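The residues making up each chain are set out below.
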Amino acid sequence: MKNILIVGGQGTFLDELYHKLSREGNRVAVLTNAHKQTLRQREYHYAYDSDSVREVMDSCTPDTVLFMGAFDTSFQWNTRTEQNDYKAYVAGISNILRCAEKTGVQQFVYLSSECVFEDDYLTPVNETMPPRSRSSKSVAVALGESLVSSYAGHQRLDTVTVRLAHLYMTPANANECTDIYTKMCLQAASTGQIEINAKIQRSALYLSDAVQALILLLSATSHSQPLYHVSSGEIITEDDVAHIIRSIS
């Protein structure tokens, strides 16, 4: 059993991860900067860059901190909020890493995604390729990877970054339709048409598979690499998805 602190905004991904880790026998707490209250007993509501983060870690004494990163619903990343989101994201992960190291946390897991690669590639993207980031979210998430890596090299904190590629899920509401596949479904339902790029190929990763991969990582006694790509073994195009949507609509 581990003490695990999940840092992230409320949503389907956090709920699934929380319940799965709890069923595996871990003692799980949540730190969120959202104001929504839940029935969880060990849930803390503070800004990620606040001094209270240190008090939270002193209180719940986590062995592992899992930062939701690219999948944190606290950050909207739209044109109205992106500058504030960028500043809050970078300040937040910096403070959480610092507090984790100061309070003796053993492991820090950072969730990244394919968003750090914003160019088209003729060959499959692997862990050795450097990120190519332009948008505020992409730059912030990639900077988070660098900060996590720097702690692995200079601090006593064991760190690992996990890039979950093209994650999708069954959304609880329209606000959770943020991946390409649920966006296509929403577009079909609202307009009756879908805009696609038939040339793009993706390995779509379903939520439950992503959670299981994280469970395996967190339960391992050690990890051989500082960075992992996690994706499905099947390649699908937007044209394939459009045909599936049309067949069931």
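Everything below is about the structure printed above this text.
An account of the accompanying structure is given in this report. If you're wondering where the values come from, they're calculated on a predicted model, not measured in any experiment.

1. Structural notes on the overall build of the protein chain
Regarding its fold elements, the protein chain presents 7 helices and 11 strands. Structurally, the protein chain occupies a C-alpha span of about 50 × 40 × 35 Å along its principal axes. Relative to its 249 residues, the protein chain shows a buried fraction of 45%. A sequence separation of at least 24 residues applies to 71% of the contacts in the protein chain between residues at least 6 apart. Positive and negative side-chain charges in the protein chain, numbering 21 and 28 respectively, have mean positions lying 3 Å apart.

2. Considerations on the pairing of strand E6 (residues 158-164)
Moving residue by residue along a regular strand, the side chains alternate between the two faces of the sheet. Burial analysis of E6 places 6 of its 7 residues in the buried class, the great majority of the element. Relative to E6, strand E5 (residues 107-113) runs parallel, the two sharing 7 bridges. Paired with Tyr110 across the two strands is Thr161, which belongs to E6. As judged from the 4 bridges shared by E6 and strand E10 (residues 227-230), these two strands associate in the parallel manner. In the sheet register, Thr161 faces E10, and the bridge partner there is Leu227.

3. Let's talk about the pattern of salt bridges
Considering all chains together, one arrives at 4 salt bridges under this definition. Taking the shortest distance from any N to any O, the salt bridge between Glu24 and Lys20 comes out at 3.6 Å. Note on Glu24: relative accessible area 46%, which makes it partly exposed. Arg156 serves as the salt-bridge partner of Glu101, at 3.6 Å between the closest nitrogen and oxygen. Here Glu101, found in helix H3 (residues 82-102), pairs with Arg156, found in the loop between helix H4 (136-154) and E6; they are 55 residues apart in sequence, far enough to count as distant.

4. A word on the nonpolar core
Residues Phe13, Phe108 and Leu111 are the most contacted members of the largest nonpolar core, which totals 61 residues. Counting residues per element, this core draws most heavily on helix H6 (residues 207-219), at 7 residues. In this structure, Phe108 is in contact with Val65, Phe67, Ile96, Leu97, Ala100, Val148, Leu157, Asp158, Thr159 and Val160, ignoring residues within four places of it in sequence. Judged by nonpolar contacts, the second largest core, of 6 residues, contains Met184, Val241, Ala242 and Ile245.

5. Some thoughts on helix H1 (residues 12-23)
Between its first and last C-alpha atoms H1 spans 16 Å; for 12 residues at 1.5 Å apiece the expected length is 16 Å, and the two agree. The complete set of buried residues in H1 reads Thr12, Phe13, Leu14, Leu17, Tyr18 and Leu21. Downstream of H1 by a residue or two, Gly25 has a phi angle that is positive, lying close to 95°.

6. A few points about the packing of aromatic side chains
On inspection of all chains with the given rule, the structure shows 10 aromatic pairs. Ring centres of Tyr48 and Phe67 lie 5.9 Å apart, and the angle between their planes is 65°; on these two criteria the pair is classed as edge-to-face. Here Phe67 lies in strand E4 (residues 64-67) and Tyr48 lies in the loop between strand E3 (43-45) and helix H2 (52-60), a separation of 19 residues in the sequence. With relative accessibility at 2%, the residue Tyr48 sits in the buried group. Of the residues examined, Phe67 reaches a relative accessible area of 0% and is grouped as buried.

7. Details of the side chain of Asn95
The residue Asn95 is located in helix H3 in this model. Residue class for Asn95 comes out buried when judged on its relative accessible area of 7%. In contact with Asn95, not counting residues within four places along its chain, are Tyr48, Asp49, Ser50 and Val53.

8. A look at the packing of H2 against H3
Across the interface, H2 lies against H3 with an axial gap of 9 Å and an inter-helix angle of 40°. Relative to H3, the element H2 lies oblique. With respect to the hand of their crossing, H2 and H3 are arranged in right-handed fashion. Facing Val53, Arg54 and Met57 of H2, the residues of H3 in contact are Asn95, Ile96, Cys99, Ala100 and Lys102. Per-class residue counts for the contact of H2 with H3 are 5 nonpolar, 1 polar and 2 charged.

Scoring rules and cut-offs
- Residues numbered from 1 in each chain as written.
- Predicted model: local features only at pLDDT ≥ 70, side-chain atom pairs only at ≥ 80, totals over all residues.
- Heavy atoms only, no water.
- Helix = DSSP H or I, 4+ residues; strand = E, 2+ residues; numbered from the N terminus.
- Buried < 20%, exposed > 50% of the residue type's maximum accessible area, 1.4 Å probe, protein only.
- Contact = heavy atoms within 4.5 Å.
- Lys, Arg positive; Asp, Glu negative; His and termini not counted.
- Charge placed at Lys NZ, Arg CZ, Asp CG, Glu CD.
- Pairing = 2+ DSSP bridges.
- Salt bridge = Lys/Arg side-chain N within 4 Å of Asp/Glu carboxyl O.
- Core = buried A, V, L, I, M, F, W, Y, C linked by side-chain atoms within 4.5 Å.
- Expected span 1.5 Å × (residues − 1).
- Phe/Tyr/Trp six-rings, centres within 6.5 Å; stacked < 30°, edge-to-face > 60°.
- Axes fitted to C-alpha atoms, helices over the stretch in contact; angles between N-to-C directions.
- Parallel < 35°, antiparallel > 145°, perpendicular 65-115°, else oblique.
- Left-handed = near helix turned anticlockwise from the far one by under 90°.
- Nonpolar A, V, L, I, M, F, W, Y, C, P; charged D, E, K, R; others polar.

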